[in-house]
Amino acid sequence: MLAAVDHVQLAAPPGSEDLLRAYYGDVLGMTEIPKPPVLAARGGCWFRAGAVELHLGVEDGFRPATKAHPGLRVTDIEAYADRLTACGAPVSWDDNLPGHRRFFSRDPVGNRLEFLQPR
């Protein structure tokens, strides 16, 4: 029986770890968590904020996810959007999900991310 989502993995190109750390750590405010040594040898990085955990794994021949995306619930969505905009991240508001305020953005390697807050 399913109990929860443990983490979401997104792909990233080789050598992009510094870009990912700057974005997921500094811009989104997540904390980098250590990968097990056997997995750390593969590259990439993992991040956590509260119960949300995102894994960024290196993929040869990387192509960003342009439709698939994690939906990340936030508080004070206006302030969060302002934070992303101030850091140079794109923010594209979308009002097509009833009962929610939401926007989409892209990480520095092009992966799509959704940020939403129930109304």
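The following refers to the structure shown. By convention here, each chain's residues receive numbers from 1 onward along its written sequence. Local features in this predicted model are restricted to residues of pLDDT 70 or higher, and side-chain atom pairs are both shown and tallied only at a pLDDT of 80 or more, whereas totals for entire chains, interfaces and linings draw on every residue. The side-chain values count all of the structure's non-hydrogen atoms but skip hydrogen atoms and water molecules.

The subject of this paragraph is the packing of aromatic side chains. Two aromatic rings, taken as a pair, are described by how far apart their centres are and by the angle between their planes. When the centres of two rings from Phe, Tyr and Trp lie within 6.5 Å, Trp using its six-membered ring, the rings pair. Their planes under 30 degrees apart give stacked, over 60 give edge-to-face, and anything left gives tilted. One pass over the full model with this rule turns up 5 aromatic pairs. Seen from their ring centres, Phe103 and Phe115 are 5.0 Å apart, and the 25° between their planes marks the pair as stacked. Of this pair, Phe103 sits in strand 7 (residues 100–106) while Phe115 sits in strand 8 (residues 112–118), placing them 12 residues apart in sequence. Like Phe115, Phe103 is buried. Counting every residue linked through ring pairs, the aromatic cluster contains Tyr80, Trp93, Phe103 and Phe115. In our convention, an over-ring charge means Lys NZ or Arg CZ found within 6 Å of a ring centre and within 35 degrees of that ring's normal. Sitting above the plane of the Trp93 ring, Arg101 keeps its charged end 3.8 Å from the centroid. Above the plane of the ring of Phe104 lies Arg112, whose end atom (NZ or CZ) is 3.9 Å from the centre. Helix numbering and strand numbering both begin at the N terminus, where a helix is a DSSP run of H or I of at least 4 residues and a strand a DSSP run of E of at least 2. Three exposure classes are used, based on accessible area relative to the maximum for each residue type with a 1.4 Å probe and protein chains only: buried under 20%, partly exposed in between, and exposed over 50%.

This next bit is on the side chain of His55. Within the secondary structure layout, His55 lies in strand 4 (residues 52–58). Since its relative accessible area comes to 4%, His55 is described here as buried. Every residue pair with non-hydrogen atoms within 4.5 Å of one another is taken to be in contact. Beyond its immediate stretch of four places on either side in the chain, His55 contacts His7, Val8, Gln9, Leu10, Cys45 and Trp46.

Before going further, it helps to examine the pairing of strand 7. With respect to burial, strand 7 is a largely interior element, 5 of its 7 residues being buried. A pair of strands is considered paired only if DSSP assigns at least 2 bridges between the two. Relative to strand 7, strand 6 (residues 92–94) runs antiparallel, the two sharing 3 bridges. Each residue of the ladder has a partner; that of Asp94, found in strand 7, is Arg102. Hairpin connection between strand 6 and strand 7: a loop of 5 residues separates the two successive antiparallel strands, and Gly99 in this loop has a positive phi of roughly 80°. Across 7 bridges, the pairing between strand 7 and strand 8 is antiparallel. Each bridged residue has a counterpart across the sheet, and for His100 the counterpart in strand 8 is Pro118.

Right, let's get into the pattern of salt bridges. A pairing counts as a salt bridge when a side-chain nitrogen of Lys or Arg comes within 4 Å of a carboxyl oxygen of Asp or Glu. With the rule as written, the count across this model stands at 6 salt bridges. For Asp18, the salt bridge goes to Arg21, with nearest N and O atoms at 3.6 Å. One end of the pair, Asp18, and the other, Arg21, are both in helix 1 (residues 17–27), 3 residues apart, so they sit about a helical turn from each other. Looking at Asp18, the relative accessible area reads 62%, which means it is exposed. For Arg21, a relative accessible area of 32% corresponds to the partly exposed category. In this structure, Glu114 and Arg102 form a salt bridge, with 2.9 Å as the shortest nitrogen-oxygen distance. Linking Glu114 in strand 8 with Arg102 in strand 7, this pair joins segments that are 12 residues apart in sequence. Because the salt bridges share partners, they merge into one network encompassing Asp18, Arg21 and Glu32.

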